[in-house]
Amino acid sequence: MQLASRMSSIGTETAFEAAARARALEATGRSVIHLEIGEPDFDTPANIREAAKRAIDTGKTHYPPFPGIPELRSAIAADSALRRGFAPDPANVYVTVGGKGVMYYAILALVDPGDEVIVPDPGYPIYESVTRFVGGTPVAIPIRQENEFRLDPDELASLVTPRTKLIVINSPANPTGGVLTRGDLERIAAIAIEHDLAVLSDEIYSRILYDGAEHVSIAALPGMAERTIVLDGFSKTWAMTGWRLGYGIVPSWMGHGFGRLLINSVSGATTFAQWGAVEAIAGPQDEVDAMLREFQARRDLVVVGLNAIPGMTCLRPAGAFYVFPEISGTGLTGAELADRLLNEAGVSVLAGTAFGDVGRNHIRLSYATSRENISAALERIAGVVAPLVATGAAAR
Ligand SMILES: Cc1ncc(COP(=O)(O)O)c(C=O)c1O
């Protein structure tokens, strides 16, 4: 028996594989600090857990309407009006299994074989993987540290061809923490309108912003709601990764297709989890504020700590919970350094190339873990890197 030929073009998300490798090492008795996976270490706030328990106990255990329960779709639309300044009709909101579901459905619904999709490099690997899976061609737009990890709109314009169908943007970004400015988004919007392109705007980290940075959704810019699919969800903001809940806000012309894909795959997201999500989005937000304060303190700790290690330079990102230091001063590539950190020091990070070739001289660290873990990891990293840099300097 053989797999279908399309299976040769599907990729993966290295973070899951790296986590499995790290756990295997741990199982041999080694101590491993996990900085590889993009998952808050906090528990889901109690009010959200209680709401889901109540839902189970009151019989909310049947199939949901496939696009989501009306209470949640309305709450998401109201939240979008408040935070994005973009007030969709609740009918255009589709609740999915993870924000990842939106990515999958949007690309499946829009991309024909041979179509080109502009994806960030470095960027979340699933954009590229699903594009290839459906026979499309991913075209990488470089995201560089020199440009504060923001894409260059002129470079974006130069990548558009008659085959371009979709531009994927992600702000705040995984893996860099970079945040696009209103000016950047206005220029991206102008390109999308001029060439009649759709935009998948991955806003899963839109609440995880520091130093007063503002979240601007491209969907709120003039002429963009009808060509933008907004991807957001519950995993990151409310520490609900295991609930597997996300949502898409899609233009009306896509709604039918989007709904069909939901019906053909999952029939809707878990009903009682959706009741928990109503509480998450519409209930008290003080725990979110507390988590954000803690993330910011961790960010500062990791940025200062990494910049104190010779051979590394690390920007202070304004969003998400990742840093993406440049490490060429160690004399190693990101992949080589990630291997050595795991094997020699028990620190699990990802190679920058897990997110595209442009990340070759970077590693990604998630600081969604305790300050104690971060401090211990920094010491261990310094222990591996300092001798490398000293030997390299001596050799020069
Ligand atoms: C950029 C980005 N988009 C989407 C997702 C998917 O999140 P989920 O499916 O848990 O909602 C992630 C998760 O790591 C992410 O980093």
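Just above, that's the structure.
Residues numbered from 1 in each chain as written. Predicted model: local features only at pLDDT ≥ 70, side-chain atom pairs only at ≥ 80, totals over all residues. Heavy atoms only, no water.

**Student:** Where do I start with the nonpolar core in this structure?
**Tutor:** Generally speaking, a soluble globular protein has its nonpolar side chains buried in company with each other. Core analysis: the biggest nonpolar cluster contains 91 residues, and Phe234 and Leu306 have the highest contact counts within it. Per element, the largest residue contribution to this core is eight residues, and it comes from helix 12 (residues 371-395). Once residues within four sequence positions are removed from consideration, Phe234 is found in contact with Leu72, Ile76, Ala239, Met240, Leu245, Gly246, Tyr247, Ala277, Ala280 and Ile281. Of all hydrophobic cores here, the second largest spans 28 residues; its members include Leu156, Ile167, Val199 and Phe324. (Core = buried A, V, L, I, M, F, W, Y, C linked by side-chain atoms within 4.5 Å. Buried < 20%, exposed > 50% of the residue type's maximum accessible area, 1.4 Å probe, protein only. Helix = DSSP H or I, 4+ residues; strand = E, 2+ residues; numbered from the N terminus. Contact = heavy atoms within 4.5 Å.)

**Student:** What is the right way to read helix 8 (residues 252-265) from this model?
**Tutor:** Three- or four-residue spacings in an α-helix give side chains the same orientation, since the helix completes a turn every 3.6 residues. The end-to-end C-alpha separation of helix 8 is 20 Å, in line with the 20 Å expected for 14 residues at 1.5 Å each. Taken as a whole, helix 8 has its buried residues at Met254, Gly255, Phe258, Gly259, Leu261 and Leu262. Take helix 8 and look down its axis: the buried residues cluster within an arc of 160 degrees, on one side only. The exposed residues of helix 8 that point more than 90 degrees off its buried face are Trp253, His256 and Asn264. (Expected span 1.5 Å × (residues − 1). Arc of directions from axis to C-beta.)

**Student:** Looking at this structure, how should I read the packing of aromatic side chains?
**Tutor:** With the rule as written, the count across this model stands at 13 aromatic pairs. Pairing Tyr94 with Phe258 gives two aromatic rings, centres 5.4 Å apart and planes at 55 degrees, and the pair type is tilted. One end of the pair, Tyr94, is in strand 2 (residues 93-96); the other, Phe258, is in helix 8, with 164 residues separating them in the sequence. The burial state of Tyr94 is the same as that of Phe258; both residues are buried. Members of the aromatic cluster, connected to one another through ring pairs, are Phe42, Tyr205, Phe295, Phe321 and Tyr322. Note that Lys60 overlies the ring of Trp275, its terminal NZ or CZ placed 5.2 Å from the centroid. It is Arg73 that lies over the ring of Tyr94; its NZ or CZ is 5.5 Å from the centre. (Phe/Tyr/Trp six-rings, centres within 6.5 Å; stacked < 30°, edge-to-face > 60°. Lys NZ or Arg CZ within 6 Å of the ring centre and 35° of its normal.)

**Student:** Sorry if this is basic, but what is going on with the site of the ligand here?
**Tutor:** Around the ligand, the surrounding shell holds 14 residues, and the nearest of these are Gly99, Asp202, Tyr205, Ser235 and Lys236. In the model, an oxygen atom of the ligand is placed 2.6 Å from a nitrogen or oxygen of the Gly99 main chain. Separating an oxygen atom of the ligand from a side-chain N or O atom of Lys236 is a distance of 2.7 Å. Considering the ligand on its own, with 400 Å² of exposed area, one finds that the protein chains cover 94% of that surface. The cavity that encloses the ligand is the largest pocket. Among the elements that line the shell around the ligand, the one with the most residues is helix 4 (residues 98-110), at four residues. In terms of residue class, the shell around the ligand is made up of five nonpolar, five polar and four charged. (Near = heavy atom within 4 Å. Polar contact = N/O pair within 3.5 Å; in protein donor to acceptor, adjacent residues only side chain to side chain. Areas by Shrake-Rupley, 256 points an atom, 1.4 Å probe, with all protein chains shown as cover. 1 Å grid on protein atoms, 1.4 Å probe; cavity = no way out; pocket = protein on both sides within 12 Å on 5 of 7 lines; lining within 4 Å. Sits in = over half its atoms within 2 Å of the grid points. Nonpolar A, V, L, I, M, F, W, Y, C, P; charged D, E, K, R; others polar.)

Keep in mind these values describe shape, not function.
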